Amino acid sequence: MRQIQFRKQDGFTLIELLIVMIILGLLAALVVPRMFGKVGSSRQKAAKTQISILETALDTYRLDTGKYPSTEQGLQALRSKPDNVKNWDGPYLSKDIPKDPWGHPYKYKCPGEHGDYDIISYGADGVEGGEGENADIVNWKDVKDK
């Protein structure tokens, strides 16, 4: 009769598991900060794109009505007809006025200090000024100019 031999199954030792955990921790420490840095710049680019869409809608509004909406009328004039405005042929945006990528409303001034109108997002902190992700995004400067 043949004897059946059972072999001892080898597994991972505690030391091997700890080494793998340390390597994964080091990789995460190197990769994660770089990915979060990309989130901030992506939001800035998204804000600049939204501002560009608002500019196009404002220019179309001006072509129809002869002037840009006043500060009091605000960007809402792109969605619903303000009182005493002739030749309004909107809505000029297919969806509601967007908030900036950080959830704050865009600031609109007409006449603007830097052109016919100013559109401003105050960045992540929601207050004027700042650097990095807190930097203001405006329609009169390119994001790269900051």
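It should be emphasised that the depicted structure is a prediction, and the values quoted were computed from it without experimental measurement.

**So, a nonpolar patch on the surface**
Together, Leu14, Ile15, Leu18, Ile19, Val20, Ile23, Leu24 and Leu27 make up a nonpolar patch on the protein surface, roughly 780 Å² of accessible area in all. Looking at the element boundaries, isoleucine 19 is found in helix α1 (residues 14–65). Residue classification places isoleucine 19 among the partly exposed positions, given a relative accessible area of 47%.

**What about the confidence of the model for the chain?**
Here the chain averages 86 in pLDDT, and 86% of its residues register 70 or above. The element-level mean pLDDT for the chain is lowest in α1, coming to 86, with strand β1 (residues 107–109) highest at 96.

**A few points about the layout of surface pockets**
In this approach, a probe sized like a water molecule rolls over the atoms, and the result shows the empty space that is left. Of the pockets and cavities examined, the largest pocket occupies roughly 200 Å³. Lining of the largest pocket is provided by 12 residues; of these, Ile120, Glu128, Asp136, Val138 and Trp140 occupy positions nearest its centre. Among the residues forming the lining of the largest pocket, the class breakdown is 4 nonpolar, 1 polar and 7 charged.

**Section: the sheet that holds strand β3 (residues 137–138)**
Strands sit in the order β1-β2-β3 across an open sheet of 3 strands; the sheet is antiparallel. Strands at the two margins of the open sheet, each flanked by one partner only, are β1 and β3. The pairing of β1 with strand β2 (residues 118–121) spans 3 bridges and is classified as antiparallel. Residue lysine 107 lies in a different strand from β2, and its bridge partner there is isoleucine 120.

**Section: the nonpolar core**
Leu58, Leu78, Tyr108 and Ile119 are the most contacted members of the largest nonpolar core, which totals 21 residues. Look past the residues within four positions of isoleucine 119 in its chain and what remains in contact with it is Ile51, Leu54, Glu55, Leu58, Tyr106, Lys107, Tyr108, Ile137, Val138, Asn139 and Trp140.

**Some remarks on the pairing of β2**
Here β2 shows no split at all, with Asp118 and Ile120 on one side and Ile119 and Ser121 on the other all buried. Pairing analysis gives 2 bridges linking β2 to β3, with the strands arranged antiparallel. Paired with isoleucine 120 across the two strands is valine 138, which belongs to β3.

**Description of the packing of aromatic side chains**
In total, this model carries 4 aromatic pairs according to the counting rule given. Judged by centre distance (4.8 Å) and plane angle (65°), the rings of tyrosine 68 and tyrosine 117 are edge-to-face. With a gap of 49 residues between them, tyrosine 68 in the loop between α1 and β1 and tyrosine 117 in the loop between β1 and β2 connect regions that are remote in the sequence. Ring geometry for tyrosine 108 versus tyrosine 117: centroids 6.2 Å apart, planes at 35°, classification tilted.

**Some points on unusual backbone geometry**
The linkage connecting glycine 90 with the following residue, proline 91, adopts the cis geometry, with an omega of 5°. One can find proline 91 in the loop between α1 and β1. Residue proline 111 is reached from cysteine 110 by a cis peptide bond, and omega for that bond is 5°. In this fold, proline 111 is placed in the loop between β1 and β2. Even without being a glycine, asparagine 84 presents a positive backbone phi close to 60°. Assignment of secondary structure puts asparagine 84 in the loop between α1 and β1. For asparagine 87, which is not glycine, the phi torsion reads 65° and is therefore positive. Considering the arrangement of structural elements, one finds asparagine 87 in the loop between α1 and β1.

Procedures and definitions
- Residues numbered from 1 in each chain as written.
- Predicted model: local features only at pLDDT ≥ 70, side-chain atom pairs only at ≥ 80, totals over all residues.
- Heavy atoms only, no water.
- Patch = residues over 30% accessible without salt bridge, like charges linked within 9 Å, V, L, I, M, F, W, Y side chains within 5 Å.
- Areas by Shrake-Rupley, 256 points an atom, 1.4 Å probe, with all protein chains shown as cover.
- Salt bridge = Lys/Arg side-chain N within 4 Å of Asp/Glu carboxyl O.
- Helix = DSSP H or I, 4+ residues; strand = E, 2+ residues; numbered from the N terminus.
- Buried < 20%, exposed > 50% of the residue type's maximum accessible area, 1.4 Å probe, protein only.
- pLDDT = per-residue confidence, 0-100.
- 1 Å grid on protein atoms, 1.4 Å probe; cavity = no way out; pocket = protein on both sides within 12 Å on 5 of 7 lines; lining within 4 Å.
- Points joined across faces, edges and corners; volume = space filled by probe spheres on them.
- Nonpolar A, V, L, I, M, F, W, Y, C, P; charged D, E, K, R; others polar.
- Pairing = 2+ DSSP bridges.
- Core = buried A, V, L, I, M, F, W, Y, C linked by side-chain atoms within 4.5 Å.
- Contact = heavy atoms within 4.5 Å.
- Phe/Tyr/Trp six-rings, centres within 6.5 Å; stacked < 30°, edge-to-face > 60°.

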